[in-house]
Amino acid sequence: MSEINIRIERRAGRITLDRPDVLNALSWNMCLAIEAALDEWRTLDDVALVVIDAAPGRAFCAGGDILEMHRAGTEGRYEYGQRFWADEYRMNAKLFHFPKPVVTFLHGFTMGGGVGVGCHASHRVVDATSRIAMPECGIGLVPDVGGSLLLARAPGRLGEYLGATGARMGPGDAIHAGFADYFVAEGWDALKAALCETGDPGAVDAAAGEVPDAPLADAQPEIERLFAGETLADIWRGLQGVDTPLAEDARAALSRNAPLSMACAIEMLHRLGDDPTIEAALGMEYRFTFRALEHSDFVEGIRAQIVDKDRAPRWSHPGPDAVPTLAVSRMLQPLGADALTLEETT
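Basis of the calculations
Residues numbered from 1 in each chain as written. Predicted model: local features only at pLDDT ≥ 70, side-chain atom pairs only at ≥ 80, totals over all residues. Heavy atoms only, no water. Helix = DSSP H or I, 4+ residues; strand = E, 2+ residues; numbered from the N terminus. Rg over C-alpha atoms; globule rule 2.2 N^0.38 Å. Buried < 20%, exposed > 50% of the residue type's maximum accessible area, 1.4 Å probe, protein only. Contact = heavy atoms within 4.5 Å. Areas by Shrake-Rupley, 256 points an atom, 1.4 Å probe, with all protein chains shown as cover. Lys, Arg positive; Asp, Glu negative; His and termini not counted. Charge placed at Lys NZ, Arg CZ, Asp CG, Glu CD. Pairing = 2+ DSSP bridges. Axes fitted to C-alpha atoms, helices over the stretch in contact; angles between N-to-C directions. 1 Å grid on protein atoms, 1.4 Å probe; cavity = no way out; pocket = protein on both sides within 12 Å on 5 of 7 lines; lining within 4 Å. Points joined across faces, edges and corners; volume = space filled by probe spheres on them. Nonpolar A, V, L, I, M, F, W, Y, C, P; charged D, E, K, R; others polar. Right-handed = clockwise from strand over helix to strand, strands pointing away. Salt bridge = Lys/Arg side-chain N within 4 Å of Asp/Glu carboxyl O.

Draft legend 1. View of the overall build of the chain. On a plain count of helices and strands, the chain comes out with 16 helices and nine strands. By the compact-globule yardstick of 20 Å for 346 residues, the chain fits well, its C-alpha radius of gyration being 19 Å. Looking at the chain residue by residue over its 346 residues, the buried ones come to 58%. Across the chain, every contact between residues at least 6 apart in sequence was considered, and the portion connecting residues at least 24 apart equals 74%. Only carbon and sulfur atoms are counted for the fraction: they give 49% of the accessible area of the chain, which is about 13900 Å². Once the 31 positive and 51 negative side-chain charges of the chain are each reduced to a mean point, those two points are 3 Å apart.

Draft legend 2. Representation of the sheet that holds strand S2 (residues 12–17). With mixed pairing, the six strands of this open sheet are ordered in space as S1-S2-S3-S5-S7-S9. The sheet is open, and its two borders are formed by strand S1 (4–9) and strand S9 (182–183), each paired with just one other strand. Sheet analysis places S1 next to S2, joined by six bridges and oriented antiparallel. Within the sheet, the bridge partner assigned to Ile-6 lies in S2 and is Ile-15. Seen against the sheet, helix H1 (residues 28–41) touches S1, S2 and strand S3 (49–54) and runs at an angle of roughly 15 degrees to S1.

Draft legend 3. How the structure looks around the environment of Ile-15. The topology assignment puts Ile-15 in strand S2. Those residues in contact with Ile-15, other than ones at most four positions away along the chain, are Ile-4, Asn-5, Ile-6, Arg-7, Ile-34, Ala-37, Trp-41, Val-50, Val-51, Ile-52 and Asp-53.

Draft legend 4. Here's a closer look at the sheet that holds strand S8 (residues 131–133). The three strands are arranged S4-S6-S8 in an open sheet whose pairing can be described as parallel. Each edge of the sheet is formed by a strand with only one pairing partner; in this case those strands are strand S4 (59–61) and S8. For this sheet, the mean inter-axis angle between neighbouring strands, taken without regard to orientation, is 15 degrees. Sheet topology note: the S4/strand S6 (residues 109–111) ladder contains two bridges and is parallel.

Draft legend 5. Structural detail: the side chain of Arg-303. Its location among the elements puts Arg-303 in helix H15 (residues 298–307). Arg-303 gets classed as buried once you look at its relative accessible area, which sits at 10%.

Draft legend 6. Broad picture of the layout of surface pockets. Its boundaries defined by the atoms lining it, the largest pocket holds a volume of some 1500 Å³. Forming the walls of the largest pocket are 49 residues, and the residues nearest its centre are Ala-62, Ile-66, Pro-135, Ile-139 and Ile-306. For the lining of the largest pocket, the secondary structure elements donating two or more residues are H1, helix H2 (67–74), helix H3 (78–96), S6, helix H6 (158–165), helix H12 (245–256) and H15. Residues of the lining of the largest pocket, tallied by class, amount to 24 nonpolar, 11 polar and 14 charged.

Draft legend 7. View of unusual backbone geometry. One non-glycine residue, Leu-23, lies in the positive phi region at around 55 degrees. Turning to its location among the elements, Leu-23 is positioned in the loop between S2 and H1.

Draft legend 8. Structural detail: the pairing of S3. Taking burial as the measure, the six residues of S3 include six buried ones, the bulk of the element. Across the two faces of S3 the burial is the same, with Leu-49, Val-51 and Asp-53 and Val-50, Ile-52 and Ala-54 all buried. By the bridge criterion, six bridges tie S2 to S3 in an arrangement that is parallel. Counted as the bridge partner of Arg-14 is Val-51 from S3. For the segment spanning S2, H1 and S3, crossover handedness is right-handed. Here S3 runs beside strand S5 (residues 102–105); their pairing, made up of three bridges, is parallel. The residue of S5 that forms the bridge with Val-50 is Val-102.

Draft legend 9. Region of the structure containing the pattern of salt bridges. Overall, the coordinates contain 22 salt bridges when judged by the stated rule. Here Asp-181 makes a salt bridge to Arg-124, at a shortest N to O gap of 2.8 Å. Taken together, the positions of Asp-181 in the loop between helix H7 (171–177) and S9 and Arg-124 in strand S7 (residues 123–126) put the pair 57 residues apart, joining distant regions of the chain. Since its relative accessible area comes to 9%, Arg-124 is described here as buried. With a shortest N-O distance of 2.7 Å, Arg-237 and Asp-234 are connected by a salt bridge. Taken as a pair, Arg-237 and Asp-234 lie in helix H11 (residues 232–239) at a separation of three residues, close to a single helical turn. Its relative accessible area of 30% is what places Asp-234 among the partly exposed residues. Taken together, the shared-partner salt bridges in this structure form one network comprising Arg-7, Glu-9, Arg-14, Asp-53 and Lys-192.

Here it is as structure tokens:
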């Protein structure tokens, strides 16, 4: 069975992720196939818009297919990850810059690599099942695939909170944070059919319902206080002694996730500022991921969460307040001749 179903239906280019047995995890070949379709459709008059969805099940796309990353890392084939991420990020940028409307239907889990496919579209649709997150720090990576752009643009310090903790957003929160646009509770098949028939993205506006409550909006003032620190260590210290459910959950997440990854994620967002370009975000992410297999906790994180499943990673730093500034600087220093190039995206 093919991993992805790419075709043209009437006025729409259609991309359907089709690996429901693995939560539609994104493979390298799927990234290349999406990029090839975008390249073909961008100037094809018959295609008025693009619709991206996934096979029914628990997820639109719960992340990248990372088992081969673990094998490559343990075997010292660091160039594998470098080439994969360069190709994936090029696809992410092309989605972001695509000159025609792109409508994505984000049912169930949309995480990591799924955010890179689903959340750079012009019309991002969620329903009551949608759960969106950037949980990379839990496996020793950083929010990538352009996720740092979305986090940097999120209101206030929400990006630092979501990036470091990996907290999951329901539909209301995802819209509040800027990861989605429309809540459509039902009738997705009919909406997709209308988009294909007419090529008019206005059908999404017509189908959209009232946005559900966003608990993160209510929590925004507390998040502003707790995540105002300049570094991860500052944030960690500020969380101590705060006896609220949000603070307790944040301490638990920061105690669980990879310290180096969280420290780099916080620094990345602060370097990017409030309104970065997709090129700046992907370029910053690539500084980390280029080095990830050799110099970060990523291989250990995959081992603990995916391979051995003991949920007991041995991180390179003992806690959120124990990551030297120099370690962060080394992971995020410019790559020189190896820097990510995205000239083909526009």
